[in-house]
Every structure is written in C-alpha cells, then in structure tokens.
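The chain contents come next:
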Amino acid sequence: MQEADLSDFMALDRVRSYVRNFERGRMEDWAIAQADSFIALVNELGFEAALSRQEAMQVPVESRTFGPVALNYGNVDLFPTLASQAVTELGGAASDENFWKAAFATPVDTPSQPVVQGSNVLVLFPTEETESEESVLEGIASNVNANWLDSQAGQSLQQHFLNSPKMEDKFIDVYMRYFMN
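Residues numbered from 1 in each chain as written. Predicted model: local features only at pLDDT ≥ 70, side-chain atom pairs only at ≥ 80, totals over all residues. Heavy atoms only, no water.

Trainee: Help me out: how do you make sense of the nonpolar core in this one?
Mentor: Nonpolar side chains in soluble globular proteins generally cluster together in the buried interior. Counting residues in each nonpolar core, the largest one holds eleven residues, listed as Leu-82, Val-87, Leu-90, Ala-93, Ala-94, Phe-99, Trp-100, Ala-102, Val-115, Leu-122 and Leu-124. The element contributing the most residues to this core is helix H4 (residues 97-105), with three residues. Ignoring any residue separated from it by four or fewer positions in sequence, one finds Val-87 in contact with Arg-64 and Phe-66. Counting five residues, the second largest nonpolar core, distinct from the first, contains Phe-38, Val-42, Ala-50 and Leu-51. (Core = buried A, V, L, I, M, F, W, Y, C linked by side-chain atoms within 4.5 Å. Buried < 20%, exposed > 50% of the residue type's maximum accessible area, 1.4 Å probe, protein only. Helix = DSSP H or I, 4+ residues; strand = E, 2+ residues; numbered from the N terminus. Contact = heavy atoms within 4.5 Å.)

Here it is as structure tokens:
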C-alpha cells in the first residue's frame, strides 16, 4: 500500500472508476442524503434561497426548468415525450414508475422525494398544474379509437386467414425454390 499521488490524473481516474463501479450504492446514498438536506432547506427557506445556499456551500446542485409534462409512461407516440423537454437527466425516466409518481403526486410549490435517474438524483419542484383543452383530448381519443379499431380488425382478419382449414403453409417450399437456388 502506498499513498495515492493526487496530482496524477491516472491515479484519480482509477479511484473514480473504482468508486463508480464498486461503491455506487454509497455514492447514491450520499447523493440522496444531500437531496434530503436540500428538501429540508426548501421547506424552511423556499426554493431559490435553498438553491443559493447549496451553491454557496459548493454542493453540486443544478436547477433546470421544463414542462409542462404529459403523463406519458413509456413515451407513447400520442403525447409529447420526455425527450422533447431537452433535459438529458430525464433520459431514462419515461419508463420509471418512481419518476412519474414523484412528478404527478407532488403538490405544486413543494419539493418531491428524491428520485434516482441514472447517475443523477432529482428533486422535482412543480410550479404549476395545467390541463389540456377538451378539444385536444377529444382529438387524441378519436385517433386512439380509430387506430384501435383498425388494429383489432386487422388482428381478427389475420387470425381468420391463418387459422382457416383452407390455408396451406408452403412458406418453406417457396422460400427454398426462390431464394436458395
């Protein structure tokens, strides 16, 4: 064992790599504890004052503004996706149930519980709640109904033809004749 040379970038890279690969849980626990202390500050001082205090203490905190966000679990094509918000930290959040719970269960002007997203710990602070206009919702419902009806009709017709006793499966014969000559 020897003392690490902190001026050696290679040594620092090895330490960083070790911590990232083998001590990730400790890093997350530390980041969640920092988020919890930030939440306590927000509840005590307000969002902007807590952010200023964290920055003054050189705690790695960053504020991002985005939204409104449609409830779109899994990035369904019918609604705007999280990727359209241009916030890279939300990259894997589309299928994360904890993110959606925090985003939609947190009251306005109240910090959410910490949410781990990849290498980040997020604290959401909703500032307003919006509702879509009725005409937009009707358009989406009409589109879904039409697509669903087409899909169901296609599936039932496909099953009708594939399961018909008149259907002869000659796929392999035709494939071998035309493509494997």
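Moving on from the coordinates now.
Trainee: Would you mind showing me how to read the pattern of salt bridges here?
Mentor: Close approach of charged atoms allows side chains with opposite charge to pair. Counted according to the given criterion, the structure contains seven salt bridges. Note that Glu-62 and Arg-64 form a salt bridge whose closest N and O atoms lie 2.8 Å from each other. Judged by its relative accessible area of 58%, Glu-62 falls in the exposed class. In this structure Arg-64 comes out as partly exposed when scored by relative accessible area, which is 39%. With its nearest N and O atoms 3.3 Å apart, the salt bridge here joins Glu-97 to Lys-101. (Salt bridge = Lys/Arg side-chain N within 4 Å of Asp/Glu carboxyl O.)

Trainee: So what exactly am I meant to see when it comes to unusual backbone geometry here?
Mentor: What is expected of a backbone is that most residues other than glycine have negative phi and most peptide bonds are trans. The omega torsion across Gly-67 and Pro-68 is 0°, close enough to zero to call that bond cis. By the secondary structure assignment, Pro-68 is in the loop between helix H3 (47-56) and H4. Notably, Ala-86 is not glycine yet its phi reads approximately 60°, a positive angle. Along the chain, the position of Ala-86 falls in the loop between H3 and H4. The class for Ala-86 is exposed, based on a relative accessible area of 68%. Positive phi is not limited to glycine here, since Asp-109 has a value of about 60°. Among the secondary structure elements, Asp-109 is positioned in the loop between H4 and strand E1 (115-117).

Trainee: Honestly, a nonpolar patch on the surface in this entry has me stumped. Any pointers?
Mentor: On the surface, Phe-171, Ile-172, Val-174, Tyr-175, Met-176, Tyr-178, Phe-179 and Met-180 cluster together to form a nonpolar patch covering roughly 900 Å² of accessible area. Tracing the backbone through its elements, the reader meets Met-180 in the segment after helix H6 (171-179). (Patch = residues over 30% accessible without salt bridge, like charges linked within 9 Å, V, L, I, M, F, W, Y side chains within 5 Å. Areas by Shrake-Rupley, 256 points an atom, 1.4 Å probe, with all protein chains shown as cover.)

Trainee: What exactly am I supposed to notice about the packing of helix H2 (residues 24-45) against H3 here?
Mentor: Geometrically, a packed helix pair is captured by the angle between its two axes and the distance between the axes. Look at H2 against H3: their axes get within 7 Å of each other, and the N-to-C directions meet at 135°. As the angle between them shows, H2 and H3 are arranged oblique. Both H2 and H3 take part in a crossing whose hand is right-handed. Each of Gln-34, Ser-37, Phe-38, Leu-41, Val-42 and Leu-45 in H2 lies in contact with H3, whose residues at this interface are Phe-47, Ala-49, Ala-50, Leu-51, Arg-53 and Gln-54. For the contact of H2 with H3, the per-class residue count stands at eight nonpolar, three polar and one charged. (Axes fitted to C-alpha atoms, helices over the stretch in contact; angles between N-to-C directions. Parallel < 35°, antiparallel > 145°, perpendicular 65-115°, else oblique. Left-handed = near helix turned anticlockwise from the far one by under 90°. Nonpolar A, V, L, I, M, F, W, Y, C, P; charged D, E, K, R; others polar.)

Trainee: Just to check I follow, could you spell out the packing of aromatic side chains for this structure?
Mentor: For any two aromatic rings, the description comes down to two numbers: the centre-to-centre distance and the angle of the planes. Per the stated rule, a full pass over the model turns up seven aromatic pairs. Taking the centre distance of 6.0 Å and the plane angle of 80° together, the rings of Phe-38 and Phe-47 count as edge-to-face. Pairing Phe-47 with Phe-125 gives two aromatic rings, centres 4.8 Å apart and planes at 20°, and the pair type is stacked. A residue pair is termed long-range when its members are at least 10 positions apart, and Phe-47 in helix H3 and Phe-125 in the loop between strand E2 (120-122) and helix H5 (134-162) qualify at 78 residues. Judged by its relative accessible area of 23%, Phe-125 is partly exposed. Here the aromatic cluster, defined as three or more aromatic residues joined through ring pairs, consists of Phe-38, Phe-47 and Phe-125. (Phe/Tyr/Trp six-rings, centres within 6.5 Å; stacked < 30°, edge-to-face > 60°.)

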